[in-house]
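A closer look at the structure
One letter stands for each residue in the lines below.
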Amino acid sequence: MAFDKNFAINMMYPLANAAYLVMNTPTPPLALPAGFVVSGLITANPQHAAAAMAAADPDHQRLANLMVSESSIFGLVVWNATTATAIVAIRGTQTIWDWIADIDAVPVPYLPDPGAGLVHMGFQLVHEHIRASIGNLLTTNCKGAKTVWVTGHSLGGALAVLSAFDIFKNVKPGPVPQLYTFAGPRTGAPDFAASFKAAIAECNRIVNFMDVVPQVPLPPLYEHVGVETLVQGGFRPLDVTYAHHLTTYLAGLQKLP
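An account of the accompanying structure is given in this report. (Residues numbered from 1 in each chain as written. Predicted model: local features only at pLDDT ≥ 70, side-chain atom pairs only at ≥ 80, totals over all residues. Heavy atoms only, no water.)

Quick look at the sheet that holds strand β2 (residues 73-80) now. Spatial strand order, β1-β2-β3-β6-β7-β8-β9: seven strands in an open sheet with mixed pairing. The sheet is open, and its two edges are formed by β1 (37-43) and β9 (227-231), each paired on a single side. Mean inter-strand twist for the sheet, computed between neighbouring axes without regard to direction, equals 20 degrees. Two strands pair when backbone bridges link them, and β2 and strand β3 (residues 85-90) are joined in this way by six bridges, in the antiparallel orientation. Bridging across to β3, tryptophan 79 finds its partner in alanine 86. (Pairing = 2+ DSSP bridges. Helix = DSSP H or I, 4+ residues; strand = E, 2+ residues; numbered from the N terminus. Axes fitted to C-alpha atoms, helices over the stretch in contact; angles between N-to-C directions.)

Comment: phi is negative for the bulk of residues other than glycine, and the bulk of peptide bonds are trans. Look at the link from valine 216 to proline 217: it is a cis peptide, with omega at -15 degrees. Structurally, proline 217 is set in the loop between β8 (203-208) and β9. Residue proline 220 is bonded to the preceding proline 219 through a cis peptide linkage, with omega at 5 degrees. Counting through the fold element by element, proline 220 comes out in the loop between β8 and β9. With a phi angle near 65 degrees, serine 154 is a residue other than glycine that sits in the positive phi range.

Right, let's get into the pattern of salt bridges. This structure, assessed with the given rule, holds five salt bridges. Across the salt bridge formed by arginine 91 and glutamate 70, the nearest N and O atoms sit 3.2 Å from each other. Of the two residues, arginine 91 is situated in the loop between β3 and β4 (107-109) and glutamate 70 in helix α3 (residues 58-70); the sequence distance between them amounts to 21 residues. Residues arginine 91 and glutamate 70 agree in their burial class; the two are buried. The shortest N-O distance in the salt bridge between arginine 205 and glutamate 228 comes to 3.3 Å. Residue arginine 205 is located in strand β8, and its partner glutamate 228 is located in strand β9; the two are separated by 23 residues in the primary sequence. Relative accessible area serves as the criterion here: at 42%, glutamate 228 is assigned to the partly exposed category. (Salt bridge = Lys/Arg side-chain N within 4 Å of Asp/Glu carboxyl O. Buried < 20%, exposed > 50% of the residue type's maximum accessible area, 1.4 Å probe, protein only.)

Here a ring pair, both rings aromatic, is described through the centre-centre distance and the interplanar angle of the planes. For the coordinates displayed, the defined rule picks out eleven aromatic pairs. Ring centres of tyrosine 110 and phenylalanine 192 lie 5.1 Å apart, and the angle between their planes is 50 degrees; on these two criteria the pair is classed as tilted. Separated by 82 residues along the polypeptide, tyrosine 110 in the loop between β4 and β5 (118-120) and phenylalanine 192 in helix α6 (residues 190-199) bring together distant segments of the chain. Exposure class is identical for tyrosine 110 and phenylalanine 192. Each is buried. Both rings, one in phenylalanine 165 and one in phenylalanine 168, keep their centres 6.0 Å apart while their planes meet at 45 degrees; by these two values the pair is tilted. Separated by three residues within a single helix, phenylalanine 165 and phenylalanine 168 lie in helix α5 (residues 155-170), roughly one turn from each other. (Phe/Tyr/Trp six-rings, centres within 6.5 Å; stacked < 30°, edge-to-face > 60°.)

On a regular strand, one side chain projects to one face of the sheet and the next to the other, so that they alternate. For strand β7 (residues 178-182), the buried fraction is high: five of the five residues fall into the buried class. Residues Gln178, Tyr180 and Phe182 point to one face of β7 and Leu179 and Thr181 to the other, with burial holding for every one of them. Two elements, strand β6 (residues 147-153) and β7, share five bridges in a ladder whose sense is parallel. Within the sheet, the bridge partner assigned to histidine 153 lies in β7 and is phenylalanine 182. Where β7 lies against β8, four bridges are found, and the strand directions are parallel. Each bridged residue has a counterpart across the sheet, and for threonine 181 the counterpart in β8 is arginine 205.

When the terminal C-alpha atoms of helix α1 (residues 5-21) are compared, their 23 Å separation across 17 residues agrees well with the 24 Å that a helix rising 1.5 Å per residue should span. Counting buried residues in α1 gives twelve out of 17 residues, a clear majority hidden from the surface. If you check which residues of α1 are buried, you get Phe7, Ala8, Ile9, Met11, Met12, Tyr13, Pro14, Leu15, Ala16, Ala18, Ala19 and Tyr20. Looking at the buried side of α1, the elements it contacts are β2, β3, β6, β7, β8 and α7 (246-255). N-capping of α1 is provided by aspartate 4, with a side-chain oxygen placed 3.0 Å from the backbone N of asparagine 6. (Expected span 1.5 Å × (residues − 1). Contact = heavy atoms within 4.5 Å. Polar contact = N/O pair within 3.5 Å; in protein donor to acceptor, adjacent residues only side chain to side chain.)

All right, on to the nonpolar core then. Core analysis: the biggest nonpolar cluster contains 59 residues, and Ile42, Val88, Trp99, Leu138, Leu179, Phe192 and Phe196 have the highest contact counts within it. Broken down by secondary-structure element, the contributors of at least two residues to this core are α2 (50-54), α3, β2, β3, α4 (121-141), β6, α5 and α6. Counting residues per element, this core draws most heavily on α5, at nine residues. Within the second largest apolar cluster, 28 residues are counted, among which are Phe7, Ala19, Trp149 and Leu250. (Core = buried A, V, L, I, M, F, W, Y, C linked by side-chain atoms within 4.5 Å.)

Here it is as structure tokens:
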């Protein structure tokens, strides 16, 4: 389906926000969309990422170590049994400055499907920590899913892209995932972007005016996927992070006609 402002506000935004709420309090009060229940929490397992981490240099390991040190919980999967709909929501980091210094990583083969192209090494190291958890939650707790949505904010937007393609390739049988991401950086090289676009038709990428994160890493080494929707949530000249806040994105969505 085409971009839907109300769907973004009422379905995707609450879950992108919930992915942060669960990181330190596994059972907080959550304003889930009607009909949805928590299927399970997305958790990091360093053992699943051990081989990829061992092959990476310390600078690229830093991003994964940072995210796991913040919390082993990376978000949640929710399920609506009536509509057979699953939604995967993945968090970012608590501050962009903790990881944006490492943004210019050399692209490396996408491990779940090396033939798909090259992706950002740091983002992939984080994804390796959580991909088994996401797959297990979908196959165990969301059996018979007819629709799968994936969302995330900031670094969680990059992880949403990597996870959606992984779900498409490796969590079968199942529907082709669909995405709404907020403030996501570029995730892969042009060859991965082409593979993603060929596989996943529905990817809505929401970008706030003056937010620096969607502008990195720089092309032509990296390329965005999906269709961009630009919002005017606001910015503050002396506070670069303001334009990146998830609440600023909500304000921008609410201004759309």
